[in-house]
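# A closer look at the structure
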Amino acid sequence: MFELICNFLLLVFLVYAFFTHTLEAKVPKAYLKNPNVLYPDVWPKLIIILLWICIIINIIKIFKKNKGNPEFSFAAFGKNTLKFLKSKTFIGMVILVIASLVLEPLGFVVTAALIMFSYGMLLGEKKWWRLACIAVVLSIVLHILFSGLLNVNLPRGTVPFLRSFSLFLENLF
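Residues numbered from 1 in each chain as written. Predicted model: local features only at pLDDT ≥ 70, side-chain atom pairs only at ≥ 80, totals over all residues. Heavy atoms only, no water.

## Things to note about the packing of aromatic side chains
Where we set the bar: Note on ring pairs: Phe, Tyr and Trp rings are taken, using the six-membered ring of Trp, and paired if centres are within 6.5 Å. Classes follow the plane angle, with under 30 degrees stacked, over 60 edge-to-face and the rest tilted. Burial status follows relative accessibility: with a 1.4 Å probe on protein chains alone, a residue under 20% of its type maximum counts as buried, one over 50% as exposed, and anything between as partly exposed.
Evaluation of the coordinates by the stated rule reveals 3 aromatic pairs. A ring pair is formed by Phe18 and Phe19, whose centres lie 5.2 Å apart and whose planes are at 90°; its orientation type is edge-to-face. A residue is classified by how much of its surface remains accessible, and Phe18, at 9% relative accessible area, is buried.

Below you can see the structure in the form of C-alpha cells.
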C-alpha cells in the first residue's frame, strides 16, 4: 500500500510540476527566431510525460499484484507506517531533506561531507573518525573536480568562512 501511495503522490507532484513549471517556462527570444531548434522546455516536458506513463503502468501492476491480498488495505498500511518511520530508508530520506535545507547556507563541501558522514553512520560504520576524514576529503575532491575541472557552479554557502574556503578550492585549478 505504501508503494501505491508513493506512486500516487509522485504522479500528483509531476502533474503539478508540468503545469506550473514546464508549461510556464519562458523560451529565450534567440530560440524563437530559429524554427529548427529544439526548445529548452521540450526535454522536461518529454521526461515528465514518460514518467507519467511509467507511474500509471506501475500503479496498474500494483493493483494486479495485490488483488485479493488482505495486507493490501489502509488498515494494514496504518500498522506498517510506524515500522517504516523507524527504518533506515526513512531516516535516509530525512537526511536528504535536511541536506537540501542546509545546502545554500553551508555550501556544497560541508553539506556533502555531512551527507556522507550521516549515511556512513546510518549504514553501521563504527569508526566515526575515519568516516569523518573520508567524508571531508571526498567532498573536497568532488568540489575541486566539479568546480575546477568541469566548471560546474556548486553552492559556495553564505557563511563567510565557508564561502571563502569554497572560493579557495575553486581557485586551485
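## Some thoughts on helix 3 (residues 42-65)
Cut-off, in case you're wondering: The way it works is that DSSP assigns letters per residue, a run of H or I at least four long becomes a helix, a run of E at least two long becomes a strand, and they are numbered from the N terminus. Under the convention used throughout, the expected extent of a helix is 1.5 Å for every residue step, that is, one less than its residue count. Residue contacts follow a heavy-atom distance rule, with two residues in contact if any of their heavy atoms lie within 4.5 Å.
Counted at 1.5 Å a residue, the expected span for helix 3 with its 24 residues is 34 Å, and the 35 Å between its end C-alpha atoms agrees. Those residues of helix 3 lying buried are Ile48, Trp52, Ile55, Ile59 and Ile62. Tucked inside the fold, the buried residues of helix 3 contact helix 1 (2-22).

## A short note on the packing of helix 5 (residues 88-122) against helix 6 (residues 128-149)
For any two helices packed against each other, the geometry comes down to the angle between their axes and how far apart the axes lie. To keep it simple, the criterion reads: What counts as an axis is a line fitted to C-alpha atoms, over the stretch in contact for a helix, and the angles between N-to-C directions run from 0 to 180 degrees. In this scheme the handedness of a crossing depends on how the near helix is turned from the far one: anticlockwise by less than a right angle means left-handed, clockwise means right-handed. Put simply, Ala, Val, Leu, Ile, Met, Phe, Trp, Tyr, Cys and Pro go in the nonpolar bin, Asp, Glu, Lys and Arg in the charged bin, and everything else, Gly too, in the polar bin.
Contact pair helix 5 / helix 6: the axes reach a minimum separation of 8 Å and the direction vectors enclose 145°. For the element pair helix 5 and helix 6, the recorded crossing hand is right-handed. Residues Phe108, Val109, Ala112, Ala113, Met116, Phe117, Gly120 and Met121 of helix 5 pack against Trp128, Leu131, Ala132, Ala135, Val136, Leu138, Ser139, Ile140, Leu142 and His143 of helix 6. Of the residues that constitute the contact of helix 5 with helix 6, the class distribution is 15 nonpolar, 3 polar and no charged.

## Regarding the side chain of Thr111
Note the cut-off: A 3.5 Å cut-off defines polar contacts: any pair of N or O atoms within that distance qualifies, except that in protein one atom must be a possible hydrogen donor and the other a possible acceptor, and neighbouring residues in sequence count only when both atoms are side-chain atoms.
Within the element layout of this structure, Thr111 appears in helix 5. Polar contacts involving the side chain of Thr111 include one to the main-chain carbonyl oxygen of Gly107, which spans 2.7 Å. Excluding its chain neighbours within four sequence positions, the residues that come into contact with Thr111 are Ala99, Val102, Leu103 and Leu106.

## Let's talk about the nonpolar core
Note the cut-off: Among buried residues, the Ala, Val, Leu, Ile, Met, Phe, Trp, Tyr and Cys ones that are joined through side-chain atoms within 4.5 Å form a nonpolar core.
Counting 12 residues, the largest nonpolar core is built from Met1, Leu4, Leu11, Leu14, Ala17, Phe18, Ile48, Trp52, Ile55, Ile59, Ile62 and Phe72. When residues of this core are traced back to their parent elements, those giving at least two are helix 1 and helix 3. With residues near it in sequence (within four places) discarded, Ile59 still touches Leu4, Asn7, Phe8 and Leu11.

## Observations regarding unusual backbone geometry
With a phi close to 55°, Asn151 is a non-glycine residue in the positive phi region. Assignment of secondary structure puts Asn151 in the loop between helix 6 and helix 7 (160-170).

## Observations regarding the confidence of the model for the protein chain
Put simply, the rule is: Every residue carries a pLDDT, the predictor's confidence in it, which falls somewhere between 0 and 100.
Summing up the model confidence of the protein chain, the mean pLDDT is 85 and the portion of residues at 70 or higher is 92%. No element of the protein chain has a lower mean pLDDT than helix 2 (residues 29-32), at 70, and none a higher one than helix 5, at 93.

## Considerations on the packing of helix 1 against helix 3
Condition: Reported orientations rely on four angle classes, namely roughly parallel under 35 degrees, roughly antiparallel over 145, roughly perpendicular from 65 to 115, and oblique for the rest.
Between helix 1 and helix 3, whose axes approach to 10 Å, the crossing angle comes to 160°. Considering their axes alone, helix 1 and helix 3 lie roughly antiparallel with respect to each other. In terms of crossing hand, the pair formed by helix 1 and helix 3 is left-handed. Looking at the contact of helix 1 with helix 3 residue by residue, the classes come out as 19 nonpolar, 3 polar and 3 charged.

## Some details on the side chain of Ser139
By the secondary structure assignment, Ser139 is in helix 6. Taking the relative accessible area as the measure of exposure, Ser139 reaches 0% and is therefore buried. Discounting chain neighbours no more than four positions away, the residues touching Ser139 are Phe108, Val109, Ala112, Ala113 and Met116.

## Some thoughts on helix 6
With 22 residues, helix 6 should cover 32 Å at 1.5 Å per step; its first-to-last C-alpha distance of 30 Å lies within 8% of that length. The set of residues buried in helix 6 consists of Leu131, Ala135, Ser139, His143, Ile144, Ser147 and Gly148.

## With respect to the state of the cysteines
Counted only if it meets this: Defined by distance alone, a disulfide is two cysteine sulfur atoms within 2.5 Å.
On inspection of all chains with the given rule, the structure shows 0 disulfides. There is no disulfide at Cys54, and the cysteine sulfur nearest it, in Cys6, is 17 Å away.

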